[in-house]
There are 2 protein chains.
Amino acid sequence: MTRTRIGIVGYGNLGRGVELACRQNADMELAALFTRRDPQNVQPATADVPVFAMEDLAAHVGDIDVLVLCGGSARDLPEQTPACAALCNVVDSFDTHANIPDHFARVDAAAKEGGTVALVSAGWDPGMFSLARLYATCILPEGNDYTFWGRGVSQGHSDAIRRIDGVADARQYTVPVPSALEAVRAGENPQLTTRQKHTRECFVVAEDGADKAAIERAIVEMPNYFADYDTTVTFVSQEELDRDHAGIPHGGSVIRSGATGAQGENRHVVEFSLKLDSNPEFTGSVLVACARAVHRMSREGQTGCRTLFDVPPAYLSAASAEDLRAHLL
Amino acid sequence: MTRTRIGIVGYGNLGRGVELACRQNADMELAALFTRRDPQNVQPATADVPVFAMEDLAAHVGDIDVLVLCGGSARDLPEQTPACAALCNVVDSFDTHANIPDHFARVDAAAKEGGTVALVSAGWDPGMFSLARLYATCILPEGNDYTFWGRGVSQGHSDAIRRIDGVADARQYTVPVPSALEAVRAGENPQLTTRQKHTRECFVVAEDGADKAAIERAIVEMPNYFADYDTTVTFVSQEELDRDHAGIPHGGSVIRSGATGAQGENRHVVEFSLKLDSNPEFTGSVLVACARAVHRMSREGQTGCRTLFDVPPAYLSAASAEDLRAHLL
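Summarised in this report is the structure supplied together with it. Remember, it's a predicted structure, so these values are computed and weren't measured experimentally.

## Thoughts on the state of the cysteines
At step 1: This model, assessed by the stated rule, comprises zero disulfides over all chains.
At step 2: Unpaired in this structure, cysteine 305 of chain B has its nearest cysteine sulfur neighbour in cysteine 290 of chain B, at a distance of 12 Å.

Printed below as a string of structure tokens:
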């Protein structure tokens, strides 16, 4: 068995998800954590894993096969992924869809220069949902794609609510509209507006004496985040929020509805769906499978940037090609 | 755009599905049909496509990039796929799961000898369902897999009923048990027997004067096919069968239910499902996407046998890697 020595960069929710995923895969060895905090103050859940400062990364890459980058797409990864790819094989979950081509190009240049393999934009969307879109589109070229997210927690929308005056804490759920989902599943190919596809549910803790009507108005009228959706705001106590909304669930469905036949008379519906109790743990599990593929591509002498679209599915598995054909095909 | 010249071997339901799929893909050109029947008696739905006898295949492979083999797994493909792979790139839908390793080995040897690329066992199961099982298993190594088939027509079971004395015609549907499907979707990880997963519905046309009670008994007690299932038999007229059961729908769901977390406390359910009006047209569409990938691998100088597990997903698409990253990732 080929072991893959993993380095985690950034030890937040996603980094902890990667750490836990390493434990479920016998060929994965968590070799080190890298942090921008003081390493003394970071206590990994796994015993005997060294914690190093980010600025010491170069001194330790010789002990790492693949770095799994667990920073955010807004500020961390645009700089971190190219910088790390110059030194070591990397995997990231860069998820700002509009900026993927630019991110890919910069990481590709760094990885080719460094002689490494990078895999970017892995996770579930982009990631598993992208694969579902690609496979279904290749099979059914005449059809329509639909992506529904939720029911799940949107961290970005929760943060936006917390920035409103008088808000102490908040949690926002993205929820698909059941009738829209059913129409798509029935192959009706509806044209759906933003408002018709998803609703937004907000659970908000107001500060003492805050103007709740003003908070509610600030939320439902917020451009980009809420104005285009039917949004409900429910005020709860901090205790209720902590008790009932502590998890980070997410999920959703990618559906392609297409037609075949001499006159398009036969309809086909392809659906890929996820129900996840923990968004960061599932994403971390995807990143670890991708790290295995990156290590293998690197051992083959490949260099440059890849996405899941470029990876033969068998490369994600620790099992042999023979075993996969005998047991999973 | 690279055009792929397709040759169809065998012009039954699946061959016609491949023919129709070629029309939906601008880079696919249906170049010839090959048949074991008298070519004079085969009339393609597509104008100006030449029809040749199987024994003349070798004389025409120079005009074909990929042969799509549309014969049956029981008798045709075990001989046909290796024989054709010795001459030309091929794709088949060999679906006898237990014999895939042997089939793969024989086709691999023939393709390496012939300097061709073969892709075997493509379609939806094996095929898209296999991919769903593989991806989900790589991401969630601690979990259980479930495959449900239907509601859909099983040709093999329909044939078995038609062989019973006194049966004029029949159509058999495989139907998942709703409560089992729901328990799996809810992440309950049930242990399910064959009987608990699927039921079988049979629509039977009896010959005049036939003993219907004897027919029903012969069906429900038939070993391997029906004895392990709850089976219902409904007698209908030939007119009713032709009117209400003319289609060849199928589908089903692959579900993996797994856990992550320090104590496996977070549950995740991954589901891939298909609802197909026409089993052969959908399968034909998968085979055509695979033919594109085979042609590309062959142009790269690869030789030997592959399955969908070995194919980078982007190879199935006519779009460029840049377009795929910009629009589908």
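## Remarks on unusual backbone geometry
At step 1: The step from glycine 150 of chain A to arginine 151 of chain A runs through a cis peptide bond, and the omega angle for that step is 0°.
At step 2: A cis amide bond links aspartate 125 of chain B with the next residue in sequence, proline 126 of chain B, at an omega value of 0°.
At step 3: For proline 126 of chain B, the location among the structural elements is in the loop between strand S6 (117–119) and helix H5 (128–139).
At step 4: In the Ramachandran plot, asparagine 189 of chain A falls in the positive-phi region, its phi being about 50° despite a non-glycine side chain.
At step 5: Relative to the helices and strands, asparagine 189 of chain A resides in the loop between helix H7 (178–185) and helix H8 (194–197).
At step 6: Overall, the relative accessible area of 29% leaves asparagine 189 of chain A in the partly exposed class.

## A short note on the packing of aromatic side chains
At step 1: One pass over the structure, following the stated rule, counts nine aromatic pairs over all chains.
At step 2: Measuring from ring centre to ring centre gives 5.7 Å for phenylalanine 34 of chain A and phenylalanine 52 of chain A, while their planes differ by 35°; the resulting arrangement is tilted. Here phenylalanine 34 of chain A is found in strand S2 (residues 28–35), whereas its partner phenylalanine 52 of chain A is found in strand S3 (residues 51–53), with 18 residues between them in sequence.
At step 3: A residue is classified by how much of its surface remains accessible, and phenylalanine 34 of chain A, at 1% relative accessible area, is buried.
At step 4: On the basis of an interplanar angle of 85° and a centroid distance of 5.8 Å, the ring pair of tyrosine 173 of chain B and phenylalanine 203 of chain B is categorised as edge-to-face. Placement of the pair is tyrosine 173 of chain B in strand S9 (residues 167–176) and phenylalanine 203 of chain B in strand S10 (residues 198–206), with a sequence separation of 30 residues. Comparing tyrosine 173 of chain B with phenylalanine 203 of chain B, the two get one shared label, buried.
At step 5: Within the aromatic cluster, the residues linked to one another by ring pairs are Trp124, Phe129 and Phe272 of chain A.
At step 6: Positioned above the aromatic ring of phenylalanine 148 of chain A, the side-chain terminus of lysine 197 of chain A is 5.4 Å from the ring centre.
At step 7: Lying across the ring of tyrosine 315 of chain A, arginine 296 of chain A places its NZ or CZ 3.7 Å from the centre.

## Observations regarding the pattern of salt bridges
At step 1: Taken as a whole and assessed by the stated rule, the structure comprises 34 salt bridges over all chains.
At step 2: The salt bridge involving aspartate 27 of chain B is made with arginine 292 of chain B; its shortest N-O contact spans 2.7 Å. Of this pair, aspartate 27 of chain B sits in the loop between helix H1 (13–23) and strand S2 (28–35) while arginine 292 of chain B sits in helix H11 (residues 279–299); the two residues are 265 residues apart in sequence, bridging distant segments of the chain. Comparing aspartate 27 of chain B with arginine 292 of chain B shows no difference in burial state: the two are buried.
At step 3: One salt bridge connects arginine 243 of chain B with aspartate 244 of chain B, and the closest N-O pair in it is separated by 2.8 Å.
At step 4: With a relative accessible area of 60%, arginine 243 of chain B lands in the exposed category.
At step 5: Owing to a relative accessible area of 41%, aspartate 244 of chain B belongs among the partly exposed residues under this scheme.
At step 6: Via salt bridges that share partners, Asp159, Arg162 and Asp169 of chain A belong to a single interconnected network.

## Re the interface of chain A and chain B
At step 1: Facing 63 residues of chain A, the contacting portion of chain B comprises 64 residues.
At step 2: Between chain A and chain B lies a buried interface of about 5,600 Å² when both sides are counted; carbon and sulfur atoms form 63% of it.
At step 3: Per-residue buried area on chain A facing chain B is highest for Gln24, Ile139 and Leu329 of chain A; these three make up 15% of the total on that side.
At step 4: Joining chain A to chain B, the criterion identifies zero salt bridges.
At step 5: Along the contact surface separating chain A from chain B lie 27 residue pairs in polar contact (both at pLDDT 80 or more).
At step 6: Looking at the side of chain A that touches chain B, the elements that each hand over two or more residues are helix H4 (100–114), helix H5 (128–139), strand S12 (250–260), strand S13 (266–276), helix H11 (279–299) and helix H12 (321–327) of chain A.
At step 7: Considering each element in turn, the side of chain A that touches chain B owes the most residues, eleven residues, to S13 of chain A.
At step 8: Residue classes in the side of chain A that touches chain B are distributed as 35 nonpolar, 15 polar and 13 charged.
At step 9: Where S13 of chain A meets strand S13 (residues 266–276) of chain B, nine bridges bridge the pair, whose relative direction is antiparallel. Paired with valine 269 of chain A across the two strands is lysine 275 of chain B, which belongs to S13 of chain B.

## Remarks on the packing of H1 of chain B against H11 of chain B
Residue and element names in this part refer to chain B.
At step 1: Remark: H1 packs on H11, axes separated minimally by 7 Å, with the N-to-C direction vectors making an angle of 55°. When the interaxial angle is binned, H1 and H11 end up oblique. Remark: the crossing between H1 and H11 carries right-handed chirality. Two secondary-structure elements touch here, H1 through Asn13, Leu14, Gly17, Val18, Leu20, Ala21 and Cys22 and H11 through Pro280, Glu281, Thr283, Gly284, Ser285, Leu287 and Val288.
At step 2: When its residues are assigned to classes, the contact of H1 with H11 shows eight nonpolar, five polar and one charged.

## A look at the pairing of strand S1 (residues 4–9) of chain B
Residues and elements named next belong to chain B.
At step 1: Of all six residues that make up S1, five are buried, and the element is covered over most of its length.
At step 2: Bridge count between S1 and S2: six bridges; the pairing is parallel. Of the residues in S2, the one forming a bridge with valine 9 is phenylalanine 34.
At step 3: Considered for its hand, the β-α-β crossover made up of S1, H1 and S2 is right-handed.
At step 4: For S1 and strand S4 (residues 66–69), the ladder comprises four bridges, and the chain directions are parallel. Across the sheet, residue glycine 7 finds its bridge partner in S4, namely leucine 67.

## Remarks on the nonpolar core
At step 1: The biggest cluster of nonpolar side chains holds 158 residues, and the ones touching the most others in it are Ile6 and Leu67 of chain A together with Ile6 and Leu67 of chain B.
At step 2: Those residues in contact with isoleucine 6 of chain B that sit more than four places away from it in its chain are Val18, Cys22, Met28, Glu29, Leu30, Ala31, Ala32, Ile64, Val66, Val68 and Ala291 of chain B.

## Brief notes about the sheet that holds strand S8 (residues 152–153) of chain A
Residues and elements named next belong to chain A.
At step 1: Reading across the sheet, the four strands line up as S8-S9-S10-S11 and stay open at both edges, with mixed pairing between neighbours. Edge strands, defined here as strands with exactly one partner in the open sheet, are S8 and strand S11 (230–235).
At step 2: When strand S9 (residues 167–176) meets strand S10 (residues 198–206), the two strands line up antiparallel, connected through nine bridges. Bridge pairing links valine 175 to threonine 199 in S10.
At step 3: Against the sheet, helix H6 (residues 155–162) contacts S8, S9 and S10, and its axis sits at roughly 145° relative to S9.
At step 4: Against the sheet, helix H9 (residues 212–220) makes contact with S9, S10 and S11, and its axis sits at roughly 150° relative to S11, the strand it touches most.

## A short note on the relation of the copies chain A and chain B
At step 1: Laying chain A over chain B is done by rotating through 180° and shifting 0.0 Å along the axis; what remains is an RMSD of 0.0 Å. In the structure described here, the two chain copies are related by an operation that fits a two-fold rotation axis.
At step 2: The residues that chain A uses at the interface reappear at the interface of chain B in 100% of cases, marking a shared surface.

What counts, and at which threshold
Starting afresh in each chain, residues are numbered from 1 along the sequence in its written order. For this description, chains carry letters from A and ligands carry numbers from 1, given in the order in which they are written. Local features are withheld for residues below a pLDDT of 70 in this predicted model, meaning they are given only at 70 or higher, and side-chain atom pairs are given and counted only at 80 or more; totals for whole chains, interfaces and linings count all residues. In computing side-chain values, all of the structure's heavy atoms are included and hydrogens and water are not. Cysteine sulfurs are considered disulfide-paired once they come within 2.5 Å of each other. For helices the rule is a DSSP run of H or I covering at least 4 residues; for strands it is a run of E covering at least 2, with both sets numbered from the N terminus onward. In this scheme, a residue with accessible area under 20% of its type's maximum is buried, one over 50% is exposed, and one in between is partly exposed, where area comes from a 1.4 Å probe on protein chains only. Stacked, edge-to-face and tilted are the three classes for Phe, Tyr and Trp ring pairs, Trp counted by its six-membered ring, which pair at centre distances within 6.5 Å; planes under 30 degrees apart are stacked, over 60 edge-to-face, the rest tilted. Comment: the charge-over-ring label is applied if NZ (Lys) or CZ (Arg) is within 6 Å of the ring centre and within 35 degrees of the ring normal. By definition here, a salt bridge exists when the distance from a side-chain nitrogen of Lys or Arg to a carboxyl oxygen of Asp or Glu is within 4 Å. Whether two residues touch is decided by their heavy atoms; if any such pair falls within 4.5 Å, the residues are in contact. Summed over both partners, the accessible surface that disappears when two parts come together, traced with a 1.4 Å probe, is what is meant by buried area. A 3.5 Å cut-off defines polar contacts: any pair of N or O atoms within that distance qualifies, except that in protein one atom must be a possible hydrogen donor and the other a possible acceptor, and neighbouring residues in sequence count only when both atoms are side-chain atoms. Each residue gets one label: Ala, Val, Leu, Ile, Met, Phe, Trp, Tyr, Cys and Pro are nonpolar, Asp, Glu, Lys and Arg are charged, and the others, such as Gly, are polar. Only strands joined by at least two bridges in the DSSP assignment are considered to pair. Between N-to-C directions, angles span 0 to 180 degrees; the directions come from axes that are lines fitted to C-alpha atoms, helices contributing only their stretch in contact. Angular relationships are summarised with four words: roughly parallel below 35 degrees, roughly antiparallel beyond 145, roughly perpendicular across 65 to 115, and oblique for the angles in between. Two helices cross in a left-handed way if the nearer one is turned anticlockwise from the farther one by less than a right angle. They cross in a right-handed way if the turn is clockwise. For crossovers, right-handed means that the path from the first strand over the helix to the second runs clockwise, given strands pointing away from the viewer. Here the nonpolar core consists of buried residues drawn from Ala, Val, Leu, Ile, Met, Phe, Trp, Tyr and Cys, with membership extended through side-chain atoms lying within 4.5 Å. Only residues with pLDDT of at least 70 in both copies contribute their C-alpha atoms to the least-squares superposition of the copies.

In short, shape yes, function no, at least from these values alone.
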